Structure formats: C-alpha cells, structure tokens
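Chain by chain, the residues:
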Amino acid sequence: MSDVIVVGAGVVGAACAYYAARAGLDVTVVDRGPVAGGTTGSGEGNVLVSDKEPGPELELALLSNRLWRSLADLGGFEFEPKGGLVVAETGEVQRQLAELAAKQDVEHTLVPGESLRDYEPHLAEGLAGGVYYPEDAQVQPMLAAARLLRHGAESFGHGTLRLRLGAAVTGFIRKGDHVAGVRTSQGDVLGDAVINAAGTWGGEVAALAGVDLPILPRRGFILVTEPLPEPLIRHKVYTAAYVTNVASDSAGLETSAVVEGTPAGTVLIGASRERVGFDRTTSVPVLARLAEQAVALFPALREVRAIRSYCGFRPYCPDHLPVIGADPRVPGLYHACGHEGAGIGLAPATGHLLAQVLTGSPTDLDLRPFRPDRFAEESS
Ligand SMILES: Cc1cc2nc3c(=O)[nH]c(=O)nc-3n(C[C@H](O)[C@H](O)[C@H](O)COP(=O)(O)OP(=O)(O)OC[C@H]3O[C@@H](n4cnc5c(N)ncnc54)[C@H](O)[C@@H]3O)c2cc1C
C-alpha cells in the first residue's frame, strides 16, 4: 500500500514522484507504457520564461526554472542554461516584444537589430531586433524523467519509489467516497492518494474517476537536422510569432520558427500547432513550412540536411493553464496534467507544489488558478 500512486511516467509524473518521495512519502508510479513514452518523448525540452504573459503560468515557470537548475546537479541528463533570444522582423513587433518584457519582470536585455549577431553570428540580416532572456534553458526531457525516477528510487530509502510499467489504469478503487487505489491491466494497486499525471490523456483518467477535465491533443511536429561539425546556434532562438501562437485558441495550423542546437550537434526545428485529434500522419507541407521558416532565420541551414521528424500531442486546456491540485469532487484524487507546450519546463514546480499539498505544507504558489474544477464554473 503506497501513500501516493502517480499515473503517468512522463516528465510531470516523474517530477511528482521525485518530490513526493523526497518529502518522505511512499510512491508507486504506474504507466501503461515505458518511461517518457508519451508526449515527453516528443517534445523539444525548452525551459522558458520568455514566452509567458505575466500571471500564474509565468510564476510557475520562474519557480520551475529555479528547481530545474538544482535538479541539474543530480547529473545524468543534459541541462543547458543557454538563454533564449526572441527576434522581431519589424520595428513594430520589436516594440511589442519590449512591452511584454517590461511587464514580465524577468531579467532581459533589449537587443537592437545591429547587435543581434553579437548573440547569434549566423542570424539572417535585416531583423529589427530582439530580446535576450538569460534564464531560458534547455533540458533533455526523456533522460531527465528517467533520472528523476531513478534518483527517487535509490536515494530516499529502499522501496520508497516503485515503478509499474506496462500497466494501464482502467478504473479507480474507492473506500466510501475516497480514492483507495487504481485498477490496472496488471492488477490492483492500492494507495491513499492518486495523482493523475497522464498528460494529454489526463481527461480520460479523470473520467475513470467520474470527473470531467477538458484536455485535448494539440499536435506538433519537430524537424531534426544531421549533426553539425560546429555549433551554428548558441541560444534558443525563436520569432515573436511563437508567443502569439502559444497563446492562440485556434484549432487550425499555426507555425513559427523555433530553432536550437543540441549537445549532439543536431538542430531541432519547430514549432507547429494544430488540433487534429491523435492523427500521427506525417505532414510534409507542415515540415516544409518549418524548414522554410528556420532557413529564413538562419540562412546557413539551407545547406544542412534534415534527417528525421517526429510529432507529439501537447495536452491542451482551453485556458492554457495546467491542472494542478486536489480535486474537490473526488477526495484523494489530485491532478498534474494539461501543461500543453510547457510541461517539460513546468514539471519540477508542479511536482514540488503537489508534494507540499500532499504533506499538508503551505504551498509556495497560490494553486487556485490551476484548480481542477474551474472548467465547470466557466461553462455554467
Ligand atoms: C512538438 C512538441 C514540442 C514541445 N516542446 C516543448 C518544450 O520545448 N518545452 C516544454 O516545456 N514542453 C514542450 N512540449 C510539451 C511537453 O512535451 C508536454 O507538456 C509534456 O511532455 C507533458 O508531460 P506529461 O508527463 O504531463 O505527459 P506525458 O509525457 O504524455 O506522460 C503521460 C503518461 O501517462 C501515461 N498514461 C496515459 N493514460 C494512462 C493510463 N490509462 N494508464 C497508465 N498510464 C497512462 C502515458 O503512457 C504517458 O507515459 C512539446 C510538445 C510537443 C508535442
């Protein structure tokens, strides 16, 4: 019998399990697949504060950014505190970027067009300017999730954190109204509390407990280049349109250039967003558009071959905020899902805050904006 069952071994579930075990709780992580087999295995790994409007998500991102930096000391995964550069094609867009940066209260430097190449020597000519955010970073999400789970299993006492992989959760066990465990394809797992960290499938897991969470898949493609002999891109670089796309409610296709190098020498090129259900069909027109936008930003990429692409499904909530906290509709049920395109960045803060909730400690942030029952209020 565990204190906590975490459903989902993605980066969010791993962070929840890690912080709960660190707080002294006995944890079992259940996943129907392998570690990081969901969206965590198909993200990019940006840990961004630059793209967030002031408000609860930015506060969560700032806390998470600090936590990633200390988790990086565990070693075993790539964490690059490289900083992010947002670029503007026109003077008007540069003015809007400067306005956002002033509101965010996050460390930044306004970069005039003529100084952009001091940051990124291979950027295209003619850009109006940009904003540099030193706190933006990049993490390898799959290795990070695996490392958090392993460290949790090895470091906080024997048997404190266990993994049940290949076990699909099919229902909830109740004692009266209270959750007392989950039914899985490999038998029952008992626990005093259940954290739903099922990402894009968080709505399905919530439905098994009889509650509604409106989480939908928002598809994204990434293009990967061949490894480059010399680093071409120093920071995470993206165009201002990315900020608008992230915040958009449109179901239609949106793309903007997001480009970054990796320690392996490959360049990751994103980002597309569209709501087309769980359709995995490769879209050559989308990939072509991503390539074209990346080349417009870094003309040297024209000579570089793309070697593969992949796609994943961001867990999209209608108000673009994750669902974090106790579900008042089902005692013993907690949620940590719906982080859309920022779940890698926001994972540590999510796990840390839920561990505080589970141990009855005051939380470092107000969790009300993330409460699970907010959607019912909005629709009534
Ligand atoms: C193209 C793309 C680029 C992205 N780039 C970034 C980025 O740069 N930075 C960033 O922060 N975020 C990024 N994201 C978003 C990020 O990847 C997600 O927000 C994050 O991975 C969600 O993690 P998670 O642990 O909540 O979900 P997942 O990783 O999907 O984990 C959920 C787990 O739950 C399991 N599960 C589901 N149902 C059940 C069940 N019934 N029983 C048992 N197990 C179950 C699944 O098998 C899965 O392993 C990107 C996403 C995409 C698609």
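Coordinates for the structure precede this section.
The paragraphs below set out a description of the structure included in this document. Here the structure is a predicted model, which means the values were calculated and not measured.

Overview of unusual backbone geometry
Negative phi is the rule for most residues except glycine; trans is the rule for most peptide bonds.
So, point 1. Each neighbour pair has its own omega, and for Gly270 with Ala271 the value is -5 degrees, a cis peptide bond.
So, point 2. Note that Ala271 resides in strand S16 (residues 267-273).
So, point 3. Located in the positive-phi region is Ala36, a residue other than glycine, with phi close to 60 degrees.
So, point 4. With respect to the helices and strands, the residue Ala36 is situated in the loop between strand S2 (27-31) and strand S3 (46-47).
So, point 5. Look at Ala36 and you get buried, because its relative accessible area is 8%.

A short note on the pairing of strand S15 (residues 254-261)
So, point 1. Judged by how many residues are buried, S15 sits mostly within the fold: eight of eight residues are covered.
So, point 2. A two-sided burial pattern is seen for S15, the buried positions comprising Glu254, Ser256, Val258 and Glu260 on one face and Thr255, Ala257, Val259 and Gly261 on the other.
So, point 3. The pairing of strand S14 (residues 236-239) with S15 spans two bridges and is classified as antiparallel. When the sheet's bridge partners are listed, Tyr238 is paired in S15 with Val258.
So, point 4. The pairing of S15 with S16 spans six bridges and is antiparallel. Residue pairing across strands places Gly261 opposite Val267, the latter belonging to S16.
So, point 5. A loop of five residues connects S15 with S16, the two strands running antiparallel in sequence, and Gly265 in this loop sits at a positive phi of about 100 degrees.

So, the site of the ligand
So, point 1. For the ligand, the set of nearby residues contains 36 residues, the closest of which are Asp31, Thr40, Asn46, Glu340 and Gly345.
So, point 2. Here an oxygen atom of the ligand and a backbone polar atom of Gly45 are 3.2 Å apart.
So, point 3. Within the contact set of the ligand, an oxygen atom lies 2.8 Å away from a backbone nitrogen or oxygen of Gly345.
So, point 4. For the ligand, whose accessible area on its own is 1000 Å², the fraction buried by protein is 97%.
So, point 5. Looking at the shell around the ligand, the elements that each hand over two or more residues are helix H1 (11-22), strand S13 (216-225), strand S17 (306-316) and helix H9 (343-358).
So, point 6. Tallying contributions element by element places S17 first for the shell around the ligand, with four residues.
So, point 7. Within the shell around the ligand, the residues separate by chemical class into 15 nonpolar, 16 polar and five charged.
So, point 8. Built from parts of two domains, the shell around the ligand gets at least three residues from each of domain 1 (2-74 + 140-215 + 319-379) and domain 3 (216-316).

What to know about the side chain of Glu260
So, point 1. With respect to the helices and strands, the residue Glu260 is situated in strand S15.
So, point 2. Engagement of the side chain of Glu260 in a polar contact is seen with the side chain of Lys236, the distance being 3.3 Å.
So, point 3. If we ignore the near neighbours within four places in the chain, the residues touching Glu260 are Glu44, Asn46, Lys82, Gln138, Ile233, His235, Lys236, Thr266, Val267 and Leu268.

Digging into the sheet that holds S17
So, point 1. Sheet architecture is open: eight strands sit in the order S6-S7-S5-S14-S15-S16-S13-S17, paired in mixed fashion. Both outer strands of the open sheet, strand S6 (109-112) and S17, are each paired with one neighbouring strand and no more. Strand-to-strand twist across the sheet, computed as the mean angle between neighbouring axes with direction ignored, equals 20 degrees.
So, point 2. The strands that helix H3 (residues 91-104) touches are strand S5 (84-88), S6 and strand S7 (129-133); relative to S7, the one it contacts most, it runs at about 25 degrees.
So, point 3. Those strands touched by helix H8 (residues 284-297) are S5, S13, S14, S15, S16 and S17, and its axis lies near 55 degrees from that of S15.

Reading the values: the criteria
Along every chain, residues carry numbers that run from 1 in the direction the sequence is written. Reporting in this predicted model follows two pLDDT cut-offs: at least 70 for local features of residues, and 80 or more for side-chain atom pairs to be given and counted; totals over whole chains, interfaces and linings ignore these cut-offs and use all residues. As a rule here, side-chain values come from all non-hydrogen atoms in the structure, and water together with hydrogens is ignored. Secondary structure is summarised from DSSP: a helix means a run of H or I of at least four residues, a strand means a run of E of at least two, and numbering begins at the N terminus for each. A 1.4 Å probe rolled over the protein chains alone gives each residue an accessible area, and that area as a share of the maximum for its type sets the label: buried under 20%, exposed over 50%, partly exposed in between. Whether two strands pair depends on DSSP finding at least two bridges between them. For this description, a residue counts as near a given molecule or strand if any of its non-hydrogen atoms is within 4 Å of it. Counting of polar contacts relies on pairs of N or O atoms within 3.5 Å, with two restrictions inside protein: one atom must be capable of donating a hydrogen and the other of accepting it, and residues adjacent in sequence are counted only when both atoms are side-chain atoms. In short, Shrake-Rupley with a 1.4 Å probe defines the accessible areas, and a residue's cover is counted only from the protein chains shown. Gly is put with the polar residues, along with every residue not named as nonpolar or charged; the nonpolar set is Ala, Val, Leu, Ile, Met, Phe, Trp, Tyr, Cys and Pro, and the charged set is Asp, Glu, Lys and Arg. As annotated, the domain borders come from an automatic or database domain assignment. Note on definitions: a residue-residue contact is assigned when non-hydrogen atoms from the two residues lie within 4.5 Å. Axes, fitted as lines to C-alpha atoms, cover a helix only where it is in contact. Angles between the N-to-C directions of the axes lie from 0 to 180 degrees.

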